[in-house]
Amino acid sequence: MTVEQNVLQQHSQKHQQTLLNQLREVTGTTDVQLLQQALQASNGDLAEAVAFLTEKNAKVPQQDEATYYQTAQINNDRYISVGSQADTNVIDLTGDDKDDLQRAIALSLEESNRAFRETGITDEEQAISRVLEASIAENKASLKRTHTEVWSDSPNPHDRKRQENCPVGLKNVGNTCWFSAVIQSLFNLLEFQRLVLHYSPPARVQDLPRNQKEHRNLPFMQELRCLFSLLVGSKRKYVDPSRAVEILKDAFKSSESQQQDVSEFTHKLLDWLEDAFQIKAEEDREGEKPKNPMVDLFYGRFLAVGVLEGKKFENTEMFGQYPLQVNGFKDLHECLEAAMIEGEIESLHSAENSAKSGQEHWFTELPPVLTFELSRFEFNQTLGRPEKIHNKLEFPSMLYMDRYMDKNRDITRIKREEIRRLKEHLTVLQQRLERYLSYGSGPKRFPLADVLQYAMEFASSKPVCTSPVEDIETTAPPGATTAQLPPPASTGEQPDASVPPECSGSGPQAQQQQQQQQQRVSIHKPFTQSRVPPDLPMHPAPRHISEEELRVLEGCLHRWRSEVENDTRDLQASISRIHRTIELMYSDKSMMQAPYRLHAVLVHEGQANAGHYWAYIFDPHQQRWMKYNDISVTKSSWEELVRDSFGGYRNASAYCLMYIDDKKPFLIEEEFDKETGQMLSGLDKLPPDLKEYVEADNKLFEREMEEWDALQARKLQQEKLALAAASVAAQPMSTEPCPPDNTAPQHDPEYMEQQSPTGDSKHLQEDTERAISKAAAEHDEKSPEALLNTAMKVEYTRLLRFAQEDTPPERDYRLLHVIVYFIHNQAPKKIVERTLLMQFADRNLGFDERCKSIMKVARAKLELIKPDEVNMEEYEMWHQDYRKFRDTTVFLLIGLELFLKKSYVDSLMYLIYAYQYNKELLAKGPYRGHDEEMIAHYRRECLLKVNEHAAALFETGEETKVNTGLSIMNELVVACIPLLLVDEMEEKDMVAVEDMRNRWCSYLGQEMEPNLQEKLTDFLPKLLDCSTEIKSFHDHPKLPSYSTLELCERYGRVMTSLTLSRTPADGR
């Protein structure tokens, strides 16, 4: 064949491949042979090919077959042409007007081809453009959103400060969790990180890019460098990737939106990076073949060997991300085995050529970074939309690729044949075992060994001759005073089994004996007597059986059961041996020379139309898995990865696997200083320009924190001044001199100090005066100081008795007095004594001379207390905790009152803050707060009720109600979900979150108006965001002021109502 003929053939094959891709995209059909048949029947006319497929699909439903690679022809494209998932905007081919449909398709194809010829931008790039533009638009819109929305930044920069040595997260700037997952996975490949950070644009293109690719790729490369440098050395907890996404968006022009697909984005990202490095490589190595590090890092080659219509072929193909089908396979090796063998391959190994077609793939060169796309989306032709495959698929942390290498082709074929033979034998054994374990001919089947055991138990049961129906008919009614007499018990001698004694007696004497015994038998009471009377038969029993019959039958059944059990054990042992043999088939050292360690797992949760992405990435230096979920970066484990990635559990599953060559440590090795030999870290890893960039950003962030601190200091000072002014204004008129300035901090806590004898103050004064009166009655002649000491002991004894009393939940004496709270929590003695002194030093204590004199002594004692005797900071801390305890109680009782009134939306925020305040208190001690499980229960139930209410509003389809429902979800439910997920040990909370998400995900499969579908698609990623980062939230509701007696009364009332309404299922 001449060179010209070869070029023409390659051009023809490439054109045919383009037609196949366009036809696949339009029709959603992934069967390559069917597409080729349509093109051949239409002589390359796309409109006729679509008509051909339309008629064929109308007659025969498309079978669910594995997607095939199209590698039989020579292909110059960089990637394998793979049957990708159909676009979501699939043309409806079920309409009646086929002519109009075909004209529309032809026009669409013509416009698509013309657009490509004019702009050089493919449909795939235009699709990515739509996503990127939507992300940027949503990011800009987010600047106008209120602080209640879940992705807004915390106003306190200290909340956004990076912890020491903690990885930096990436902010989700609007449906860009896919961007974060991919970028973090690549960034943690240290070799890739170094390539990006040390990339410098070619000198000749710095002024003016030559073409569109340079205009797109080089600015993006610079922004990616800046983003990577911030991930290395930023002092922020997370950074904003908007500028990098903006560059991607500007490369295309579109206005539609959808959430981006991980594999599609990774595919295009590597493409752009390859182009950028190619430009640099061409400049650095003029005259020589340029070496592209992106190709060396991510691309490999495989050999396609096969037969096409009886003709053998052998082609070498280049691949980047290797796609694998998930449906129908249980683990990664099964996926790979299926992907490496396509069609009928018997003719590949036989000497004779036949008309069968098939091919095998053998890797000739594996890349250092091996990426697998797990195809978890498939297009449902019947419903006309994509669906996600939730099947479980296991994958190992260490993958050996030797069995798929071309150099091991002969050995692998032998082993595959041996495995095929073993699996055939295994199938036969499993079928035989199934007959033993599921015995019977009816719909219900049982293990044969159990059937024989049951037969033996029946035969060995005590014989009876009374019919079970007759026995019931002669029984006295339930209300009778006597019970039907069961068969008489033996009197000591064993009766003849062939002649039951109950059948031998008759006549008046037997009846009289029966009546006498009937009077002695106790009545069986089903509600007070849980067991069946001992003399009633436990099982059905044979009517008549002789000892000889029983002996023969027992012998046969024993022998048969023993034989069945032995056969079952032998079958199970053989099956286990075959499984083990198959597992160890590739375990010899010769087949473990290409180890690949799992580096990253990209996870998708949700449905085909919407969802959330995050990544698990292995840290080889800390030897642990990390979870990268947008701005949240947390420690994880292999167990958590398995739960979220294998699939079959919830709606989460792995979508992309990234393995790295375990024999190439440079991929994850840190960089060392060439002169000192020390490992580089932080800003030392960066080139000078990026180091300067990061330092400038860090200074901006430090300035932001300083400004925040200054603002908070000013606010605190203003609050102190306002409190001081209010305190001075509230002091009662008195002729007594004011205490010195150094006693200013000695004001009562707000729940103890009052300006008039009303409410709490009146209640507290009465208790104090009662203690003074009791002390005076015991020691009438004592001095005021002695009376004060005695009165304080009396009051403390009273409060101690309250603290020691075992009370029901509706009576909490901690609310009655702060001292009770202190005793419960073992507050220091000095704190308790000072608090009691403050109580007796109240200016409103009374008007008789005795109380006034005691008050003056108490105030004098307070002034004499030295700063080193009582730690005032600790004193204030204890009283602040008690104030928080009372606030928690108010939040709780209001929330529960509203919950009982079924005002769930209003109740939720009170219960949320009750739980948060209570959790902070319980962190200091078990008696600092209320029952955490009880608050968590009602918080969870309230959230589920609110979710149901919002979903019901959405289901109405009315614009106003739909908006109200989504507003409730965004402002309340979505914002509260991280609070439930932050502690993954609480399984009930996690189940509740999954229930709420599943409720909304279920709408994806339902028919609805386009505007509702758009709102749902926009909302779901926020709901499915698995981040446990607690972002900005509602200001807590303003609390009313309750007196101590009113607070105790209302709390007791609501707790009593809960006690009456609880069910045993509550577990309390």
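Residues numbered from 1 in each chain as written. Predicted model: local features only at pLDDT ≥ 70, side-chain atom pairs only at ≥ 80, totals over all residues. Heavy atoms only, no water.

Under an unreviewed UniProt entry, the protein chain has the name Ubiquitin carboxyl-terminal hydrolase 25 and belongs to Carassius auratus. Recorded in UniProt under Catalytic activity (unreviewed entry), the annotation for the protein chain is "Thiol-dependent hydrolysis of ester, thioester, amide, peptide and isopeptide bonds formed by the C-terminal Gly of ubiquitin (a 76-residue protein attached to proteins as an intracellular targeting signal)." Taken verbatim from the UniProt record of the protein chain, the Function (unreviewed entry) comment is "The muscle-specific isoform (USP25m) may have a role in the regulation of muscular differentiation and function." (UniProt positions renumbered as here; feature names shortened; annotations may be inferred.)

Okay, the overall build of the protein chain next. What the protein chain contains, in helices and strands, is 33 helices and 16 strands. Buried residues in the protein chain amount to 46% of all 1068 residues. Restricting the contact set of the protein chain to residue pairs at least 6 apart, pairs at least 24 apart contribute 74%. Just so you have it, the protein chain exposes about 56,300 Å², and 51% of that area is on carbon and sulfur atoms. (Helix = DSSP H or I, 4+ residues; strand = E, 2+ residues; numbered from the N terminus. Buried < 20%, exposed > 50% of the residue type's maximum accessible area, 1.4 Å probe, protein only. Contact = heavy atoms within 4.5 Å. Areas by Shrake-Rupley, 256 points an atom, 1.4 Å probe, with all protein chains shown as cover.)

All chains considered together, the criterion is met by 39 salt bridges. Across the pair arginine 243 and glutamate 223 runs a salt bridge whose closest N-O atoms are separated by 3.3 Å. With arginine 243 in helix α9 (residues 242-250) and glutamate 223 in helix α8 (residues 212-233), this residue pair connects regions lying 20 residues apart in the sequence. For arginine 243, a relative accessible area of 52% gives the class exposed. Owing to a relative accessible area of 14%, glutamate 223 belongs among the buried residues under this scheme. Between lysine 392 and glutamate 394 there is a salt bridge, and its shortest N-O distance comes to 3.7 Å. Glutamate 394 gets classed as partly exposed once you look at its relative accessible area, which sits at 38%. Taken together, the salt bridges that share partners define one network made up of Glu417, Arg420 and Glu424. (Salt bridge = Lys/Arg side-chain N within 4 Å of Asp/Glu carboxyl O.)

This part is about the packing of helix α25 (residues 829-840) against helix α27 (residues 872-900). The axes of two packed helices give the description: the angle between them and the distance between them. Between α25 and α27, the shortest axis-to-axis distance is 10 Å and the interhelical angle comes to 75 degrees. Taken together, α25 and α27 sit at an angle that is classed as roughly perpendicular. Side by side, α25 and α27 meet where Ile831, Arg834, Thr835 and Met838 of the first sit next to Met872, Glu874, Tyr875, Trp878 and His879 of the second. By residue class, the composition of the contact of α25 with α27 is five nonpolar, two polar and two charged. (Axes fitted to C-alpha atoms, helices over the stretch in contact; angles between N-to-C directions. Parallel < 35°, antiparallel > 145°, perpendicular 65-115°, else oblique. Nonpolar A, V, L, I, M, F, W, Y, C, P; charged D, E, K, R; others polar.)

So, on to the packing of aromatic side chains. Taken as a whole and judged by the stated rule, the model has 31 aromatic pairs. Ring centres of phenylalanine 891 and tyrosine 910 lie 6.3 Å apart, and the angle between their planes is 55 degrees; this geometry places the pair in the tilted category. Here phenylalanine 891, found in helix α27, pairs with tyrosine 910, found in helix α28 (residues 904-922); they are 19 residues apart in sequence, far enough to count as distant. Each member of the pair, phenylalanine 891 together with tyrosine 910, is buried. (Phe/Tyr/Trp six-rings, centres within 6.5 Å; stacked < 30°, edge-to-face > 60°.)

For the rest of this paragraph, the subject is the pairing of strand β14 (residues 624-629). For a regular strand, side-chain orientation follows a simple rule: the groups alternate between the two sheet faces. Judged by how many residues are buried, β14 sits mostly within the fold: five of six residues are covered. Two strands pair when backbone bridges link them, and strand β13 (residues 611-619) and β14 are joined in this way by five bridges, in the antiparallel orientation. Residue pairing for β14: phenylalanine 618 is matched across the bridge by tryptophan 625. Between β13 and β14, which pair antiparallel in sequence order, lie four residues; one of them, glutamine 623, sits at a positive phi of approximately 55 degrees. Inspection of the sheet shows β14 paired to strand β15 (residues 632-635) by four bridges, in the antiparallel sense. The partner of methionine 626 across the bridge, within β15, is lysine 635. Counting the residues in the hairpin turn of β14 and β15 gives two residues, including aspartate 630, whose phi is positive at 55 degrees. (Pairing = 2+ DSSP bridges.)

Across the interface, helix α30 (residues 959-981) lies against helix α31 (residues 987-1001) with an axial gap of 10 Å and an inter-helix angle of 150 degrees. The orientation of α30 with respect to α31, classified from their angle, is roughly antiparallel. Helix-helix and strand crossings are classified by hand; for α30 and α31 the assignment is left-handed. Taking contact as the criterion, the partners of Leu966, Met969, Val973, Ile977, Leu980 and Leu981 in α30 are, on α31, Asp989, Met990, Val993, Met996, Arg997 and Trp1000. For the contact of α30 with α31, a count of residues per class yields ten nonpolar, no polar and two charged. (Left-handed = near helix turned anticlockwise from the far one by under 90°.)

Here we take up the nonpolar core. Core analysis: the biggest nonpolar cluster contains 99 residues, and Phe822, Phe840, Leu896 and Trp1000 have the highest contact counts within it. Counting residues in each nonpolar core, the second largest holds 60 residues, with Leu186, Leu197, Ala244 and Val295 among its members. (Core = buried A, V, L, I, M, F, W, Y, C linked by side-chain atoms within 4.5 Å.)

What follows is about the side chain of serine 461. Relative to the assigned elements, serine 461 resides in the loop between α15 (448-460) and α16 (468-473). Under the relative-accessibility criterion, serine 461 is labelled buried at 14%.

All of the buried residues along helix α20 (residues 638-645) are Glu640, Leu641, Asp644 and Ser645. Seen from one end, α20 has its buried residues packed into an arc of 110 degrees, which puts them on one side. Where α20 terminates, the next one or two residues include glycine 647, which has phi positive at roughly 90 degrees. (Arc of directions from axis to C-beta.)

Quick look at unusual backbone geometry now. The backbone phi angle of aspartate 630 is positive, close to 55 degrees, even though this residue is not glycine. Note that aspartate 630 resides in the loop between β14 and β15.

Let us now look at helix α7 (residues 190-197). An α-helix turns once per 3.6 residues; consequently, residues spaced three or four apart project the same way. Among the eight residues of α7, eight are classified as buried, and the element is accordingly described as predominantly covered. Of all the positions in α7, only Leu190, Glu191, Phe192, Gln193, Arg194, Leu195, Val196 and Leu197 are classed as buried.

Turning next to the pairing of strand β4 (residues 311-319). Of the pairings in the sheet, the one linking strand β3 (residues 300-308) to β4 comprises nine bridges and is antiparallel in character. Its bridge partner being in β4, alanine 304 is matched across the sheet by asparagine 315. Between the antiparallel neighbours β3 and β4 lie two residues, among them glutamate 309 with a positive phi of about 55 degrees.

Moving on: the environment of isoleucine 389. Its location among the elements puts isoleucine 389 in the loop between β10 (385-388) and β11 (398-400). As a C-alpha pair, isoleucine 389 and phenylalanine 377 span twelve residues in sequence and 5.9 Å in three-dimensional space. Discounting chain neighbours no more than four positions away, the residues touching isoleucine 389 are Asn327, Ser375, Arg376 and Glu378.

Let's shift gears to the confidence of the model for the protein chain. Here the protein chain averages 75 in pLDDT, and 68% of its residues register 70 or above. The lowest-confidence element of the protein chain is helix α17 (residues 501-504), averaging 43 in pLDDT; the highest-confidence one is β11, averaging 94. For the stretch residues 731-747, pLDDT sits under 50, and the model shows 18 contacts to residues farther than four places along the chain or on other chains. (pLDDT = per-residue confidence, 0-100.)

The next subject is the environment of valine 326. With respect to the secondary-structure elements, valine 326 resides in the loop between β5 (321-325) and α12 (332-340). Looking at valine 326, the relative accessible area reads 0%, which means it is buried. The sequence separation of valine 326 and serine 375 amounts to 49 residues, and the corresponding C-alpha distance is 5.9 Å. Setting aside residues up to four positions removed in sequence, valine 326 forms contacts with Cys335, Leu374, Ser375, Arg376 and Leu393.

On to the environment of valine 694, then. On the secondary structure map, valine 694 appears in helix α21 (residues 688-730). Judged by relative accessible area, valine 694 falls into the buried class, the value being 0%. Ignoring any residue separated from it by four or fewer positions in sequence, one finds valine 694 in contact with Ser229, Leu230, Gly233, Ser234, Leu683 and Leu686.

This part covers the state of the cysteines. For the structure shown, the criterion picks out zero disulfides. With no disulfide of its own, cysteine 976 has cysteine 942 as its nearest cysteine by sulfur position, at a separation of 8.9 Å. For cysteine 976, a relative accessible area of 0% puts it in the buried group. (Disulfide = S-S within 2.5 Å.)

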